[in-house]
Each structure stands twice: as C-alpha cells, then as structure tokens.
Amino acid sequence: MKVPVSWLKKYINLDGIDINDLSHLMTMAGTEVSSIDIVGEHWDAEHLLVGEIIDIKPHPDADKLRLPTIKLSDSETRTVVCGAPNLYVSQKIVFAKEGAYLFNPRSNNHEVLKSAKIRGVESSGMVCSSLELGLGEDHSGILELDSSIPIGTPVKNLLSDVIIETELTPNRPDCLSVIGTAHEMAAITKQNVVYPVTSYSPSNKKIEDFIEIDIIDSELCSRYMGTVIENVKIQESPDWLKDALIKTGHRPINNVVDITNFVMLEFGQPLHAFDYKKIPNKKILVRPSKDGEKIDTLDGENRTLKYPMLVIADDSKPIALAGIMGGSNTEIDSNTTDVFLEAANFSASNTRFTRNALNINTEASYRFERYLRPEIAELAFDRAISLIQEITSGVPLSNHIDIYQRTTDDLKVAFKLENLNKLLGTQFELPEILNIFESLGCLIEIKSSGTIFVTPPIWRSDIKIEADLIEEFARIYGYDQLPTAKINSIIPDRDDSTYINFREIIRDTLVYSGFNETISYAVVNGAKLTETTEISSEIFVKVQNPMDSTKNVLRPNLRVNILDTLSNNRRLNQSDPIQIFEIGRVFGEYKKFNSQIMPDENDQLIAVLSGKRNQENLWDKTHESVDFYDAKGVLEDLFEATKIVFQLEECDEGFFAKGKAAKILINNSHVGNIGEISQHSLSHFDLNESVVMIEIFLEEILKKANLLEHQYTRPSKFPSSERDIALLVNNSIQADQITQMISKNSLVVDTFIIDLYEGEELPENTKSMTFKIVFQSYEATLSTNDIDKAQQKILKSLKHQLNIDQRY
C-alpha cells in the first residue's frame, strides 16, 4: 500500500516527526515499511517553477508543435516549443528551465535538461507533463495546475511529497487504507486521528421511489447499502483528487469513479458506482450466479460464471461481480446524470473463490478477501456521497437502503492483567496497558466485579481473543522495549526420538555420499503424477482451491517433485553428474483418525543419481552413465549406517526400466523401491539420460526393522582369507538368498557376488554366479584346513536347501 505523507497529514499531525524514524517504529511494531520514496527529490527551486501561458503561436515548420510564451515573473518570460495538445492561454503549468533534472521518456532515464533547436526554433526550457516530473505515467499532455497558484512558486514547495509503501500481513486489512495507517501511526506517536467531513445536503426524495434491493443469501453479503445521487456532472477530477490517486499508483478516470477509488483508499472500504438509468426495472438483486451466466466486465473481458460466484444483478442478468469488478452494461460514462452508489460487505471466502476461478485481481477483491468489518461501509458510504455532491454538484436522496444482517457474536474481548504479565513475563500496571488499548481505538469497560472487557475498533477485524490484545499491547509498547529476564527454571532434557535420530542418520549419510538435499511443495501436477505411479487417480487427494491450477494434487509420493527439480537443474548444468534427495511428507488415501476422515500422512525419502558416473576429466574418458548398481551401493551405505538388514526382490512397475528395478524388503515387508527409471517416464520431465532412484518409506521401516544403537565392535587381530567359488544356480534363485545362507557360517565376515555368467553351454534354465567369501576368526589365524571345512559346510547347505552345485 502506497501512502502519501501529504494525505496522512489530513488526519494526523506529523510536523516535527522524522518519517524515517516513524517508519522504523512502524516496522518494529509489525507494520513493515518496505520503502520510502521522495517525489521531487531532485527538484530545485531555481529550475522548476510555476508559470502561466500568456500567448500561444503556431510553429512555423510543424503543424503539431506550438510556441507558448510562459510568464514566470513580472520581469521574466520564456517562449519554448511544445507538442502537448492541451495548451491554452492563462493556463498554470510547471516550467522547467535549462539545468532541471527530469525524466526523459525517450531514454527512460533522468537527465539534465539542455537547450535545443527543434525544427529550426530555439527552445530553452520545457512545459512538463506528469511523467517528466515523476508524478505519474501520463505523457499525453502537460500537467495543469490550479489557477490560484502564484507564478514563480517553486514546484518543490507545491508538489513534492514522501510516499511510504507498506508490506502488510493478510490479517491487517485496516492498513490497506490511509486512515488505517494513520491510526497505526497515532497509536505509536500517542495522537488522535481526525476524521474527514461526511455531511451533505439531500433532497426530499425517497429511495423507495427509485430502486428495490434484495439480498438472496445473507451469508455471502452481510450488509448492502445503496442510494441514488441525481444530476451529477461527469468530468475530469480536480487536481487534488487526481494527485492523491496518482501518488498511490492509480489512474484517474472521471470524477465519480475517482471518488469511489479515493474513498476506498481513504477508508479501506471498496465502493461501486452504477449508471442508475442503465439498471433495467430499477431492481437490484445480490445473489449467487447461475452456472453458465455471462458478464462483460469493465476490463473488456467476457466472463462465464458458475455457482456460487456472488453477483450484483438486475432482474434478469448480472451487472457486477460482487466485491471484484463492475459490468460494462452499467458503466459510468460522460452521458451519466444519475448514479446508484453501493457500499457493501461481501464474503471473504466467496470473493477469493470467484477471483481465483476467473483469474482476476482487483484492489476491491484484495480488501474484501481479507475480511472487512461491516461497520466501515457506513463511514465510506457517507464520505463518498459528501464528495460526490461537493465535486459533481449531484443531489443525494433524503435516505438510503441499508440491509444489514447484524451478527450475534459479541465483539467484546475479556481481558485479565495477570494473563498479559504471565505471557510477556512482565509486571505492567493496568493504567499503562489501558492507555495503549485506547490509543488503538478500543473501548474499555470495567465491570464492578473487576472484569475488563475490551471492544476492538471497527477498522480492526483481526482482534478476536485475549491473546490478540496482548500482542497489540506488546507491539505498540515495543518488542525491543520489553524487559528481559532469565529463565527461572531448569530447561528440560529433550526426549530422544528413535525416528528423528534414524531420519538424521539417513540425511547425514546421503550428504556424506555427495548428495544435495532439496525441498519442494507438497502439491504436484496431477497429469505428471499419473505417469509416475500406479496409484489410482481416484484416491488422489485433490486441492479444492489451488494457488496454481497446474498443481492441484497433494503428492502421494515424491517422484514428481524430485524429477521436476532434476529437470530444472539439468537445464542449468548439462554435463556434470547430479545427485539430489528429499525427505518429505506424502499423502495417501483417506482414513479414519479419531472420528475424522483425513488423508494418511507419512514421511518418505527419495534420492536420484543422474548422468555420468564421474565428472568429466582428462584421465577418465569412459564417461559411463550411472546404473542400478550405483544406486544399490548408496542403499547399502544407508542401511549399513543404520544397521538394518534388507533384501531385494524383482520389481515390474512400469515406472522403472524393465529388469532394472527391485523392491526393498525388510523382514519380507515392502519398504521401498530402487531402480533405473524408464525413458518413457523421464520423457514427461524433458530428461534424456540415465536416472536411477531410491525410494524409501521411512515410517514403514520403523515398524519392520529393529533399529539398534551404534556400538563399537572390536576388529579381529587375526588376518582374513578370501575364497572365490562359482556356483551353478537355477534362474529363479536370487543372489540375496545365496549371500544370506553363506553368511550364516560363523567364520564368514563378508560375502558378495563378483560375477554372473549365462551361456548356451550351461544346463537349461541355469546361470553361473561367482561369490567372494571373506573368512576370519576372532580367536586364531585360520589354517587352510579350517577354511576348507567351512567352505564344504557352505556348499552342503547350498545343495541341501537350494539345490545349488559348485561349478568347476
């Protein structure tokens, strides 16, 4: 929200207050001031002056150029070349002499003005537009000043200003207004806010003779005020009004529309003006739209509506999107003579729903969707009527319609001093606290019983409970001013969590292995998700009101997230290997939890390796791509770090390349997947390289594995011995089955497969597998005879249980 200091000064005394210091105090109190812009910072009193056009002659060599003569004082006049179409004699303007520092729209930079010869005529100076002065974007004509301003007045004294821009949290719609910002400053500086005059002189005509209003759903519109103002004169707004709008970043349109925008910025309450004569049958309905209804909005778009988007309608069709934008069929234009003025309070959630569905953002919707108090509507309504009469000479009716569904909620908040001191750790006295509440505009009521009730001001919709009041006191008093105290009790020990320790070991192991951790949003693209999982789309947890319509599903796994991240990184780095992982929450099908039906939430780990196995260098020219065994090595490191024994079982899921994937099992339970991703799956992410993935269901591991604490194991002081044995194995037997059986021998400390051979010379449906076995004893050096005996026991067990023979 851009707030000109010149506008603020109408409601609060800022004389003698340093704006930078005040902005710092506001930021420390929670209303962040993001920037302070000084309009006219580079203006000087010598080169920018108010002048009056006393003569206009045509340019001798250009039809579109003219030669105005400018009077700057009784003794000084200047004649310059000007192409503006809105020049006339006796007009007061801003004149820039040579040396003035102005914005040049041609170069898009600020430059020092120099004398120039334009089509043969010397021009020393220029008549300025709003754009050149930095007051707005208008360059179609010169800036016209009030005729009462004396010539020779330095423009810096007249038009310079300070613009404060605030960054607000969603719960503070009150500061989306100049008066709301003034209230914030008044509380900090211990002042009162002076409200503008809202009086007007009505006619003796009754609103009941002009229009009928009906609210179909009061849940969507808690208050609707309306009246008719006759005999308005639509024309350009006065300079002070245009100046206020321009400085807040709004484009002036005409006096009536500008007044509604001005009052919205002043009070924070959006208003809308309809051309009264364009409303058929003089009937207004505030109702949900029907599916398929259409409306042409003021931005020139034809929009198709659906239930329950709230609209303002006549007796047959919508004429405005409630709280968002008016319709072109009731637009104020130069022929308008009678205006129907609306001030209302619309549902925040419905406004947000309509705005998102139609992809339309306006100043009005931005305010309504943050929830405004209905009481503000009346203040803004009276202020707008007063300004319309003052500026357009319109005549309001003697009364107005006000349909108000008053809430039964008690706005009073019970407050106890001891709760504030307990929460803040302080010893404040009651008078000091109540003074700050009153400075915020709260009403204080102290009952005979001693109970204190605080009623928040009408512009504050965010103060609802006692904790809100305590927060208000703390921020206005100053968080940095609150007394500090040492903790007066012993800090309790942290409860040790097996799961958290396990998760951190996993995280650290991956980082030590060269992986980078990523973090992504919990929502994913539904179409991509369908291509990466065999989970039925019917059980996807869909987001009803997504911020991004392309990401409308809560992820049931982390596959889409990690591949999107990989794809984005691969665009920036097309040669180096990329190894990334994420630990995040996933959302399964709906289940019953404590009588509530909610998605089943669990943590998962996903890690991917992609591209070449090693970074390119002069010594390694092989450039081999990562494969299944690279991922298997990482998996072994993970489970070695957590002392978990796992098995692998073939996986035929279509997401993976055929024959290059496996399920991860612990105690015969499925706890994850590992494998190379198929090129078909990768094509949906614009990836054309080898990518291998590890996917682990972290919480499932806790249920199935016996997590043991790390204990020191004394290494054997006796040497180890290795033997390689080749085995003739049936194709249905997996290597894990063999390694588990070999490892049962008490002298075996390690075993792993080192070779796999399949050929025609082998018996049908068999393969040759060679295992390396490491023998070692903790008691003595093993002799050849000891190792031979152990090997024979292993071969007998393999023959007996798996029908495996040694291959010679």
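Residues numbered from 1 in each chain as written. Predicted model: local features only at pLDDT ≥ 70, side-chain atom pairs only at ≥ 80, totals over all residues. Heavy atoms only, no water.

Draft legend 1. Looking closely at the domain arrangement of the chain. Segmenting the chain into domains produces domain 1 (2-41 + 162-189), domain 2 (48-159), domain 3 (207-404), domain 4 (413-478), domain 5 (498-704) and domain 6 (721-806). Domain 1 and domain 5 are separated by 49 Å when their C-alpha centres are compared. (Domains from an automatic or database assignment.)

Draft legend 2. Broad picture of the sheet that holds strand β27 (residues 443-446). Strands sit in the order β26-β28-β27 across an open sheet of 3 strands; the sheet is antiparallel. Looking at the sheet topology across the chains shown, the edges are occupied by β26 (413-415) and β27. Averaged over all neighbouring strand pairs, the angle between strand axes comes to 30 degrees, with direction disregarded. In this structure, β26 lies alongside strand β28 (residues 452-455), joined through 3 bridges in antiparallel fashion. (Pairing = 2+ DSSP bridges. Helix = DSSP H or I, 4+ residues; strand = E, 2+ residues; numbered from the N terminus. Axes fitted to C-alpha atoms, helices over the stretch in contact; angles between N-to-C directions.)

Draft legend 3. A look at the nonpolar core. Core analysis: the largest hydrophobic core is formed by 73 residues, its most contacted members being L8, V263, F415 and F437. In terms of residue count, helix α10 (residues 376-392) provides more of this core than any other element does, 9 residues in total. In contact with L8, other than residues within four places in its own chain, are V3, L14, I164, V178, T181, A182 and M185. Formed by 30 residues, the second largest nonpolar core is a distinct cluster that contains I506, L605, A607 and A662. (Core = buried A, V, L, I, M, F, W, Y, C linked by side-chain atoms within 4.5 Å. Buried < 20%, exposed > 50% of the residue type's maximum accessible area, 1.4 Å probe, protein only. Contact = heavy atoms within 4.5 Å.)

Draft legend 4. How the structure looks around the pattern of salt bridges. Summed over the entire model, instances satisfying the criterion amount to 54 salt bridges. Of the charged contacts in the structure, one is a salt bridge between R119 and D61, with a shortest N-O distance of 3.7 Å. Of this pair, R119 sits in the loop between β9 (116-118) and β10 (121-123) while D61 sits in the loop between β3 (48-59) and β4 (62-73); the two residues are 58 residues apart in sequence, bridging distant segments of the chain. Of the residues examined, D61 reaches a relative accessible area of 46% and is grouped as partly exposed. Residue D603 pairs with R503 through a salt bridge whose shortest N-O separation is 3.8 Å. One end of the pair, D603, is in strand β34 (residues 596-610); the other, R503, is in helix α14 (residues 498-512), and 100 residues separate them in sequence. Beyond isolated ion pairs, a larger network of salt bridges with shared partners links R503, E504, R507, E517, R585, E601, D603 and E699. (Salt bridge = Lys/Arg side-chain N within 4 Å of Asp/Glu carboxyl O.)

Draft legend 5. Main features of the sheet that holds strand β13 (residues 161-167). With respect to topology, 3 strands assemble into an open sheet ordered β1-β13-β2, the strand pairing being antiparallel. Two strands lie at the open edges of the sheet, namely β1 (2-4) and β2 (32-39), each paired on one side alone. Between one strand axis and the next, the sheet turns through 25 degrees on average, direction left out of account. Two strands pair when backbone bridges link them, and β2 and β13 are joined in this way by 7 bridges, in the antiparallel orientation. Residue pairing for β13: V33 is matched across the bridge by T166.

Draft legend 6. Inspection of the packing of aromatic side chains at higher detail. In the structure shown here, the tally under the stated rule is 13 aromatic pairs. Here F655 and F656 contribute two aromatic rings whose centre-to-centre distance is 5.1 Å and whose plane-to-plane angle is 75 degrees, an arrangement assigned as edge-to-face. By relative accessible area, F656 is classed as buried at 4%. One aromatic cluster is present, built from ring pairs that chain together W7, W240 and F262. Note that R223 overlies the ring of Y404, its terminal NZ or CZ placed 4.2 Å from the centroid. (Phe/Tyr/Trp six-rings, centres within 6.5 Å; stacked < 30°, edge-to-face > 60°. Lys NZ or Arg CZ within 6 Å of the ring centre and 35° of its normal.)

Draft legend 7. How the structure looks around helix α20 (residues 735-743). Within the span of α20, buried status applies to I738, T739, M741 and I742. One side of α20 holds all its buried residues, which, seen down the axis, span an arc of 165 degrees. Check the buried side of α20 and you find it contacts β39 (721-730), β40 (748-757), β41 (766-775) and α21 (784-802). (Arc of directions from axis to C-beta.)

Draft legend 8. Highlighting helix α6 (residues 239-247). Buried residues of α6: L241, K242, A244, L245 and K247, and no others. Among the residues trailing α6, G249 stands out with phi positive, at a value near 90 degrees.

Draft legend 9. Structural view of unusual backbone geometry. Omega for the bond connecting Y307 with P308 falls within 30 degrees of zero, at 5 degrees, which places this linkage in the cis form. Within the element layout of this structure, P308 appears in the loop between β19 (302-304) and β20 (310-313). For N281, which is not glycine, the phi torsion reads 60 degrees and is therefore positive. In this structure, N765 is a non-glycine residue whose phi angle is positive, near 65 degrees. Along the chain, the position of N765 falls in the loop between β40 and β41.

Draft legend 10. Highlighting the environment of Y778. Note on placement: Y778 falls in the loop between β41 and α21. On the accessibility criterion, Y778 (41% relative accessible area) is partly exposed. Sequence separation between Y778 and D410 is 368 residues; the distance between their C-alpha atoms is 79 Å. Apart from the residues lying within four places of it in its own chain, the contact partners of Y778 are T713, R714, P715, S716 and F718.

Draft legend 11. Quick peek at the side chain of N421. Mapped onto the fold, N421 is located in helix α11 (residues 417-424). A polar contact of 2.9 Å, which involves the side chain of N421, links it to the side chain of T426. Beyond its immediate chain neighbours, meaning those up to four positions away, N421 contacts T426, Q427 and F428. (Polar contact = N/O pair within 3.5 Å; in protein donor to acceptor, adjacent residues only side chain to side chain.)

Draft legend 12. The arrangement of the environment of F515 in detail. Within the secondary structure, F515 sits in the loop between α14 and β29 (516-517). Once the C-alpha coordinates of F515 and C221 are considered, the two residues, 294 residues apart in sequence, prove to be 54 Å apart. Excluding residues that lie within four positions of it along the chain, F515 makes contacts with L510, Q579, I580, F581, A607, V608, L609 and V634.

Draft legend 13. Quick look at a negative patch on the surface. Together, E534, E649, E650 and D652 line one region of the surface with negative charge. By the secondary structure assignment, D652 is in the loop between β35 (647-650) and β36 (656-666). (Patch = residues over 30% accessible without salt bridge, like charges linked within 9 Å, V, L, I, M, F, W, Y side chains within 5 Å. Areas by Shrake-Rupley, 256 points an atom, 1.4 Å probe, with all protein chains shown as cover. Lys, Arg positive; Asp, Glu negative; His and termini not counted. Charge placed at Lys NZ, Arg CZ, Asp CG, Glu CD.)

Draft legend 14. Broad picture of the packing of helix α2 (residues 19-28) against helix α5 (residues 178-189). Interhelical geometry of α2 versus α5 gives an angle of 95 degrees and a closest axis separation of 10 Å. Considering the angle they form, α2 stands roughly perpendicular to α5. Every residue of α5 that contacts α2 at L22, L25 and M26 is listed here: T181, E184, M185, I188 and T189. Grouping the amino acids of the contact of α2 with α5 by side-chain chemistry returns 5 nonpolar, 2 polar and 1 charged. (Parallel < 35°, antiparallel > 145°, perpendicular 65-115°, else oblique. Nonpolar A, V, L, I, M, F, W, Y, C, P; charged D, E, K, R; others polar.)

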